[in-house]
Amino acid sequence: MRILRPKSEEGSVLICVLCTILILSLIAGNVLFSCITRYNVASGQVRGWKESLYAAEAGGDVAYAEVRKTVFDPTHAFNGWTSNGTGYNNTNSPITFGRDNLKASAAVDVFQYDSSGNAWYRIRAKGVAPVLGLTRVTMDDRVNSGTRGDSLLRKIDFQYDHFVAAYGPNGDNVGKAIVPVSGPQIARRIELIAVPVTPFSDTAIRATASFYGPGSAGMVDSYNSANGPYYFAANNPSDPHYSDSHSGSIALGSGIFNLGGDIWGNVSTNGGNVTAGSKIHGTIDNNVPFTIPPYVMPSNLPLPQASPSKINGNVALTLSTAGSAGVPNYYVVSSFSGNLTINQVGSAQTYVDIHVTGDITGSIDVKPNVHVKVYFDGNVSVKAQDIVNESGVSGNLQFYGISPTDPTVTQSIDIASPGNFSATFYAPSADFHINGNPDVTGAIVCKTFYENGNASWHYDRALNSVGERTDYRIASYVEDMR
Amino acid sequence: MTLKTLQKTAGFTLGEMLVAVSVSSIVLAAAVASSVSLQKSFNAVDNYFATLIQQVRIIDYLSRDVNRGLSVTTSVDLQTVTVNLPNYIIQAGDPEAVGNPSLIGTPRSPTISYSSGSMQINYGASTSTVVYSVSNSSILRTENGAVTTIASSTDQLVPQTTDVELANTECVNSAVTFMPIFTMSGSPAARTGTSLYSTAYLRNKRRG
């Protein structure tokens, strides 16, 4: 018997299901096709772009920290970095950090020395961040109705480092090469300039612990030795040097502030209660904390001369070479109780550095066009007339007090009448006392400042950029956009 | 013996057909309407997302230039931002390049100058100027005369606060908005809801 079955109807169900799946797949594919570029841009490229800058700035910070070590911890500055004769770099061993394994590296070189022999550093830092996410890109530089300018701003290295290929590893068109990258990445480069912070910038007297200022007949004002010798102009707005006369500022790191005379400048304290009055002719701010680190002997001085090793009696330094700010004539003496005269070499600007490992009780006579720095480990006790700086330019005679290794030990600097002088003192661990009525041009940084009398202080604005570096700061920021 | 099944037993009545066609039409109409709506929604979302990315690009551009800038000024109508930049890269025609063309495209070495007692780091004797401006629905970036369209359909660049100098630091707060294509009667709230804000600081001490 043959049974005729009705035709099967299940086949159409299968076809319907397949068609439905096909349609849904097409829709899903279209959605993914349209979204993936947006997703790449939003999730990977923007993130990589920003993170690479963070990495570059981290590299700059690390390099800046090493630059500061040249002042505070010279023996450990640039430890582990590669020296190439003109500078240092860690480009072959970049610092890796963060969840995305960002890479930071930097190259540091000295691009100039200033008139005080301080090095100015250029820091070139590079940061690399991976471009995470899907690899499909569909990128386009153009911005119009059909394109979105996906790669207009952010340069992504998918297979090769475009920067090395186009500009060379240092960006100077030298050493161009096709260098593959381990994965899609974005690199950004910045250049920072670290400039020395000089000790007497914009402040006549800076004390960390206390300030007992001049008596009612004394005062603090300013001038600029680059524009001529000092004269009082602070109360005459029509005077051509009036604008230079109101920088006799006082900065105090505590609230212990006492004053009798006029201050032709600003006053800042840390918790003081200084109020405006007829004596202070600038601004007052009682909320300006600051600290000054101990001062250590510079490590970049040349080998010392063999003699003299002591300054007793009358000693005249007649030099054979003038030296320079970066490479001065350098002496180390164990005592300074005599009378020292430092002569100019011919007509050349002459540079002399002296390290006094003991106390200073003698006198010094610095001839014009001679630039002297005196570093002392002990104390200073002299009369004002014993400090003779014949040029009258205070930056030509600078005293630096090396901080005692025991922080409980305080140095002392005592200056007595009679006489006047032009000089600077940078001694953050010292108590500074001055008696009588000396007329002083220069500036001072100390722990405590005590004046018993009516001395007048005239800050020299030319000191803004003069003196041994005490720190570094970043003065310029540029990004290499290539 | 042969058993025969009945043929044409599955026929529909006219009434059944009418009901079936009616229901099918309704379902099909709903499907078409849904598809059109879905497509519109997708386009709107896609456009929104794409424009949002352009907003981010504008902000990134502006932040990059402000960070490395020497000064930033804005127009009174807040539709133009001008940034002065260091001339870091030597360009064709620059004095250095005239004597030595191989220097084109290389970084300049910095130099120092003093003005009114303040020290400055310089890259070359002059600076570059970048102007961000709104042109219809596009944002233009003009660097030394060279115009680049950096975004389209993002039609407002509004620096909120400008020239704020705090302890030698200047910041620029900016907002970028756009009008979504899928809004009810183009209400202002729709634009406000797309605002993207940014604050960028000059890393260099302001000049001028």
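Residues numbered from 1 in each chain as written. Chains lettered and ligands numbered in written order. Predicted model: local features only at pLDDT ≥ 70, side-chain atom pairs only at ≥ 80, totals over all residues. Heavy atoms only, no water.

Undergrad: Just give me the short version of the overall build of chain B, but keep the residues and values in it.
TA: Along its length, chain B carries 3 helices and 10 strands. Across chain B, helices and strands are ordered from the amino to the carboxyl terminus as α-β-β-α-β-β-β-β-β-β-β-α-β. Each of the 208 residues in chain B was classed as buried or not, and the buried ones make up 37%. Taking the contacts inside chain B whose residues are at least 6 apart along the sequence as the reference set, 50% of them involve residues at least 24 apart. Summing over all exposed atoms, chain B offers an accessible surface of approximately 11300 Å²; the carbon and sulfur share of this is 60%. (Helix = DSSP H or I, 4+ residues; strand = E, 2+ residues; numbered from the N terminus. Buried < 20%, exposed > 50% of the residue type's maximum accessible area, 1.4 Å probe, protein only. Contact = heavy atoms within 4.5 Å. Areas by Shrake-Rupley, 256 points an atom, 1.4 Å probe, with all protein chains shown as cover.)

Undergrad: Which residues make up the sheet that holds strand E16 (residues 339–342) of chain A, and what are the values?
TA: Residue and element names in this part refer to chain A. The strand order across the open sheet formed by 4 strands is E14-E16-E18-E21, and the pairing between neighbours is parallel. Of all the strands in the sheet, just strand E14 (314–317) and strand E21 (387–389) have a single pairing partner and so form its edges. Each strand of the sheet is rotated relative to its neighbour by a mean of 10 degrees, with strand direction disregarded. Relative to strand E18 (residues 363–366), E16 is paired through 4 bridges, and the arrangement is parallel. (Pairing = 2+ DSSP bridges. Axes fitted to C-alpha atoms, helices over the stretch in contact; angles between N-to-C directions.)

Undergrad: Please give an account of the environment of Thr441(A) that cites residues and values.
TA: Residues and elements named next belong to chain A. Structurally, Thr441 is set in strand E25 (residues 439–453). The spatial distance from the C-alpha of Thr441 to the C-alpha of Tyr459 is 5.8 Å, given a sequence separation of 18 residues. Separated by 2.5 Å, the side chains of Thr441 and Ser422 make a polar contact. (Polar contact = N/O pair within 3.5 Å; in protein donor to acceptor, adjacent residues only side chain to side chain.)

Undergrad: Now, about the sheet that holds strand E2 (residues 80–86) of chain B: what can you tell me, with residues and values included?
TA: Two orientations exist for strands paired in a sheet by backbone hydrogen bonds: parallel and antiparallel. Residues and elements named next belong to chain B. One open sheet holds the 5 strands; their spatial order is E1-E2-E5-E6-E7, and the pairing between them is antiparallel. Looking at the sheet topology across the chains shown, the edges are occupied by strand E1 (71–74) and strand E7 (146–152). On average, each strand axis in the sheet is inclined to that of its neighbour by 20 degrees, with strand direction left out of account. Pairing geometry for strand E6 (residues 138–143) and E7, over 6 bridges, is antiparallel. Each bridged residue has a counterpart across the sheet, and for Thr142 the counterpart in E7 is Val147. Here helix H1 (residues 14–67) sits on the sheet in contact with E1, E2, strand E5 (127–135), E6 and E7, set at roughly 140 degrees to E7.

Undergrad: Outline the pairing of strand E17 (residues 350–356) of chain A, listing residues and values.
TA: All names here are of chain A. Burial runs high along E17: 7 of the 7 residues are buried. Burial along E17 is two-sided: the residues Thr350, Val352, Ile354 and Val356 and Tyr351, Asp353 and His355 are all buried. With 7 bridges joining them, E17 and strand E19 (residues 370–376) adopt parallel strand pairing. When the sheet's bridge partners are listed, His355 is paired in E19 with Tyr375.

Undergrad: Help me get a handle on the pattern of salt bridges, residues and values and all.
TA: Side chains that differ in sign of charge can pair as their charged atoms come close. Counted under the stated rule, the structure contains 21 salt bridges over all chains. Arg203(B) is paired through a salt bridge with Glu57(A); the nearest N and O atoms lie 2.5 Å apart. Taken together, the residues Arg203(B) in the segment after strand E10 (196–201) and Glu57(A) in helix H1 (residues 10–72) connect one chain to another. The partly exposed category is assigned to Arg203(B), whose relative accessible area is 36%. The exposure class of Glu57(A) is buried, given its relative accessible area of 18%. Arg124(A) is the salt-bridge partner of Glu191(A), the closest N and O atoms lying 2.9 Å from each other. Linking Glu191(A) in strand E6 (residues 185–197) with Arg124(A) in strand E5 (residues 119–130), this pair joins segments that are 67 residues apart in sequence. (Salt bridge = Lys/Arg side-chain N within 4 Å of Asp/Glu carboxyl O.)

Undergrad: Go over the interface of chain A and chain B with me, naming the residues and quoting the values.
TA: Contacts between the two partners involve 46 residues from chain A and, on the opposite side, 41 residues from chain B. At the junction of chain A and chain B, the tally comes to 3 salt bridges. In this structure, Lys50(A) and Asp60(B) form a salt bridge, with 2.7 Å as the shortest nitrogen-oxygen distance. Inspection of the chain A/chain B interface yields 8 residue pairs in polar contact (both at pLDDT 80 or more). Among the elements of the structure, H1, strand E4 (102–113), E5, E6 and strand E27 (471–480) of chain A are those that each provide at least two residues to the side of chain A that touches chain B. Broken down by element, the residue count for the side of chain A that touches chain B peaks at 12 residues, all from H1(A). Its residues assigned to classes, the side of chain A that touches chain B shows 21 nonpolar, 9 polar and 16 charged. (Nonpolar A, V, L, I, M, F, W, Y, C, P; charged D, E, K, R; others polar.)

Undergrad: Requested: an account of the confidence of the model for chain B, with residues and values cited.
TA: All names here are of chain B. The predicted model of chain B has a mean per-residue pLDDT of 81, with 83% of residues at 70 or higher. Of all secondary-structure elements in chain B, the lowest mean pLDDT belongs to strand E8 (residues 156–166), at 57, while E5 reaches the highest, 90. At the level of chain-chain contacts, confidence expressed as ipTM amounts to 0.81, with global pTM at 0.77. (pLDDT = per-residue confidence, 0-100.)

Undergrad: I'd love a proper account of the pairing of E2(B), names of residues and values included.
TA: Residues and elements named next belong to chain B. Sheet topology places E1 next to E2; 4 bridges connect them, and they run antiparallel. Directly across from Thr73, in E2, lies its bridge partner Thr82. Connecting the antiparallel pair E1 and E2 is a turn made up of 5 residues, with Leu78 showing a positive phi of about 60 degrees. The pairing of E2 with E5 spans 7 bridges and is classified as antiparallel. From the neighbouring strand, Leu85 faces E5, where its bridge partner is Ser128.

Undergrad: I'd like a rundown of the side chain of Glu191(A), residues and numbers included.
TA: Exposure remark for Glu191(A): the relative accessible area of 0% places this residue in the buried category. Separated by 2.9 Å, the side chains of Glu191(A) and Arg124(A) make a polar contact. Within the local environment of Glu191(A), its side chain forms a polar contact with the side chain of Tyr88(B), the two groups lying 2.5 Å apart. Residues contacting Glu191(A), with those up to four places away along its chain left out, are Arg122(A), Ile123(A), Arg124(A), Ser476(A), Tyr477(A), Val478(A), Tyr88(B), Arg108(B), Pro110(B) and Tyr123(B).

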